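# Observations on the model geometry
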Amino acid sequence: MKKTLKESGVGTPINRVEGKLKVTGMAKYATEFPVKNKVYAQGINSTITKGEIISVDTSEAEKVEGVLAVITHKNAEKLKTFEEEMPELSTPSKAPVLQSSKVYYYGQYVGVVVAETFEQAQYAARLVKIEYKKDPDPTFQFDGSRSKAYTPEAQEDYLRGNIAEGLADADETLDETYTTPIEHHHPMELHAVIASWENGKVTAYASQQIVEDSIISISDTFQIPKKDVRIISAYVGGGFGSKLYTERHVILAVMASKMLGRPVQMTVTRQQMFTNTGMRQHNEQRMKIGAKKDGALTALSHETLSHTSTFQEYQEPCGMMSKMLYNVPNNQIKYRLIPMNFQTPCAMRAPGEATGSFALESAMDEMAWKLKMDPVEFRIKNDTQVDLGADKPFSSRLLIECLRIGADRFGWDDRPKEPRSRQKGNWLIGYGMSAASRNAPYQETAAKVILELEDEKVFATIQMDATDIGTGSYTIIAQTAAEYLDIPVEQVTVELGDSNFPITPGSGGSWGAASYCNGARAACESAITKLKENRNIDKDEEISVAELLKKNQLNRYEAEGTVAPSEEFEKHSVFSFGANFSEVWVDKDTGMYRIKRMVNVGSAGKIMNPKTAYGQMIGGLTMGAGMVLAEQTKVEPNFGNFITRSLADYHVPVNLDMANIDVIFLPEEDKIANKMGIKGIGELGITSVAASLANAIFNATGKRMRDLPITPEKLI
Ligand code: MOS
């Protein structure tokens, strides 16, 4: 029986434990650590899309006061690079940089200037003269390049049943293509690092999502033991997937520090974040669906054509939801990639679902309309409690409940059933909906707890190499420790983001909350168990941690705990589910539209903190709305560079663009997922939002929008 925790334990909406540090500027982000004697590095970007560097003139740059080094492929340290052709991008991937004269994409780092001040480095970087030999035939447009598409090794074609037979068996069929543009993550905190190389050992203060994988990247690239690399990533101002990887600025800073014997700070500028820190690639998704008159799906085919770089492979798994969400006997998922002269794309919030759900849930709406069926009922008709794609039961699946509760909350029954049937003045009013699901992985995690007894009170410190990318990790880990030690959260300190602490999977893929909290729980439970065992106290006896420490005659005690997915977890498909409902008003003359209302119902296991969870969901919903309203990176059609180069032209939604957002979590604990029943929500929020809005726009205007973003000119 927990006594003290009504106000701060698991499931309570406490404020962020690190909130004060953040709003007072005391929380240290990567470049805010007071590293003595540091110098500044500024990357130089290629100004061609494909070709070769034929000459480099650094003389002018070297004359600038304060300049310490100009590093290009000519004098860069030789690093370990890829062993194979087109290796798959992974979170501990190497990031070779300045290893040859070849240029593979516009903006590629071709050099770096290191100077005493940031301004000197920036100024000198502009004085480095590089001559190129352009390759006459770069690839940066889909049209004309489709014949170069290949099947990625890691994403082989998937088929269950027979698509042609399924389509032949259908009363209604659909064959449509949905396109999404290149997008960029643009976390508020720029990618940045301070790296120092001392006696063969590296310390890097870096804004990274996964500390352990950064250790692997650096140790592998520089061929030094993992134990000689230390990463500190105490606070991360957003990542959205782009900081999963150890990007080239980190490698450059380490290299420069090694060459100069001084700590090197390197910040990727906002403009460089378009070319040097990943992106979501352009996708063309062709959907073929067949259904019977009663709504039963007979076939579902999802083919994705996208692009990777010419030297490394990344394929966003857009067909993931189409493989598992519905009860369809004939199902096909295909991926094709065109190697193009852009940087390697990478995971961006809900990689696979964010874009794949736009195709799937738009197509499902189109099919419901063809069948004259309520789109909510159409989804419910095709519900399944077994993941047919993996041939495993779901650990829990409350999709029908999400749909019904959302419909009720939103007032779906009162919707304008025919397009253009509800108007108010110049506004065409439309309602739309979509179903959502997101993989809820859980990974091996370790944590340490340090207990200290002072004046009858127990103070606890939790240490893990986990990161808080703005999501609330510090807070929910503190709540977990408070809960399992039965002490107030004010007596818990959480220390994260240091590779000296026990290893976690970091923040990504929505696995952070479940992994971190269960890891912290295991450490606390292990401490209590061992303290009881030491004194032969029955494991079920209720005794406070303070008493336990006293009985052990200890005023300090440390313990570690580790968790990993159970056999039951492996036997199930573990996903979170959700439903989106939205109301959009479209001006019938200008095509300008307003998102008026959004209702989101989520079934995501135990919600650790309703306040931080709500923050995650409105962030995800806003990012989903951004996919529809504005987000797109434009490629210059002649040169292959990006012409959207700042947040002035790469638009993201602001408060005025957003609706009233209603977020509901179904009470749920998924004990198959993990002992605490947590599933994670970092990516559920963005999933299927775009389809819900596009479907509302169809309902308002009668126009199907299959190409994101849906800018007003497309509606007139
Ligand atoms: Mo996420 S795209 O795994 O940060």
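Described in the following lines is the structure provided in the data block. Computed from a prediction, not measured in an experiment: that's the story for all the values here.

Turning to the pattern of salt bridges, a few remarks are in order. Overall, the coordinates contain 50 salt bridges when judged by the stated rule. The salt bridge involving Asp135 is made with Lys50; its shortest N-O contact spans 3.6 Å. Of this pair, Asp135 sits in the loop between strand E6 (129–134) and strand E7 (158–160) while Lys50 sits in the loop between strand E1 (39–45) and strand E2 (51–57), placing them 85 residues apart in sequence. Asp135 gets classed as partly exposed once you look at its relative accessible area, which sits at 28%. Classification of Lys50 by relative accessible area gives partly exposed; the value is 26%. A salt bridge links Arg556 to Glu452; the shortest N-O distance between them is 3.9 Å.

Before going further, it helps to examine the packing of aromatic side chains. One pair of aromatic rings is described through two measures. These are the centre distance and the angle between the planes. Within this structure, the stated rule accounts for 19 aromatic pairs. Seen in terms of ring centroids, Tyr105 and Phe311 are 6.1 Å apart; in terms of plane orientation they differ by 25°. Their pairing is stacked. In this pair, Tyr105 is assigned in the loop between strand E4 (102–103) and strand E5 (109–115) and Phe311 in the loop between strand E14 (297–308) and helix H7 (320–324), connecting sequence segments 206 residues apart. Look at Tyr105 and you get buried, because its relative accessible area is 5%. Given a relative accessible area of 15%, Phe311 falls into the buried group. Within the aromatic cluster, the residues linked to one another by ring pairs are Phe410, Trp412, Tyr431 and Phe581.

Here we come to the sheet that holds strand E23 (residues 556–563). The strands that make up a sheet are held in pairs by hydrogen bonds between backbone atoms, and each pair lies either parallel or antiparallel. Pairing within the open sheet is mixed, and its four strands lie in the order E22-E21-E20-E23. The sheet is open, and its two edges are formed by strand E22 (492–495) and E23, each paired on a single side. Across the sheet, the mean angle separating the axes of adjacent strands is 20° when strand polarity is ignored. Here helix H11 (residues 473–485) sits on the sheet and contacts strand E20 (445–454), strand E21 (457–463) and E22; the angle it forms with E22, its principal contact strand, is near 135°.

Turning to the state of the cysteines, a few remarks are in order. Tallied over the full model, the rule gives zero disulfides. Not part of a disulfide, Cys517 finds its nearest cysteine sulfur in Cys524, a span of 11 Å.

Calculation rules
Positions within a chain are numbered from 1, following the residues in the order the chain's sequence is written. For this predicted model, a pLDDT threshold of at least 70 governs which residues receive local features, and a threshold of 80 or more governs which side-chain atom pairs are given and counted, while totals over whole chains, interfaces and linings are taken from all residues. Side-chain figures throughout are based on the complete set of non-hydrogen atoms in the structure, without hydrogens or water. Salt bridge, as applied in this entry: a Lys or Arg side-chain nitrogen positioned within 4 Å of an Asp or Glu carboxyl oxygen. Strands here are runs of E lasting at least two residues and helices are runs of H or I lasting at least four, both read from the DSSP assignment and numbered beginning at the N terminus. Here's how the labels work: a residue is buried when its accessible area is under 20% of the maximum for its type, exposed when over 50%, partly exposed in between, all with a 1.4 Å probe on protein chains only. Only centres within 6.5 Å qualify two rings of Phe, Tyr or Trp (six-membered ring in Trp) as a pair; their planes then separate them into stacked at under 30 degrees, edge-to-face at over 60, and tilted for everything else. The rule for pairing is simple: two strands pair if DSSP sees at least two bridges between them. Lines fitted to C-alpha atoms define the axes, with helix axes restricted to the stretch in contact, and inter-axis angles between N-to-C directions lie between 0 and 180 degrees. Contacts between residues were defined by any pair of non-hydrogen atoms, one from each residue, lying within 4.5 Å. Pairs of cysteine sulfur atoms within 2.5 Å are what we label disulfides.

Such coordinate-based values are descriptive only and should not be taken to indicate function.
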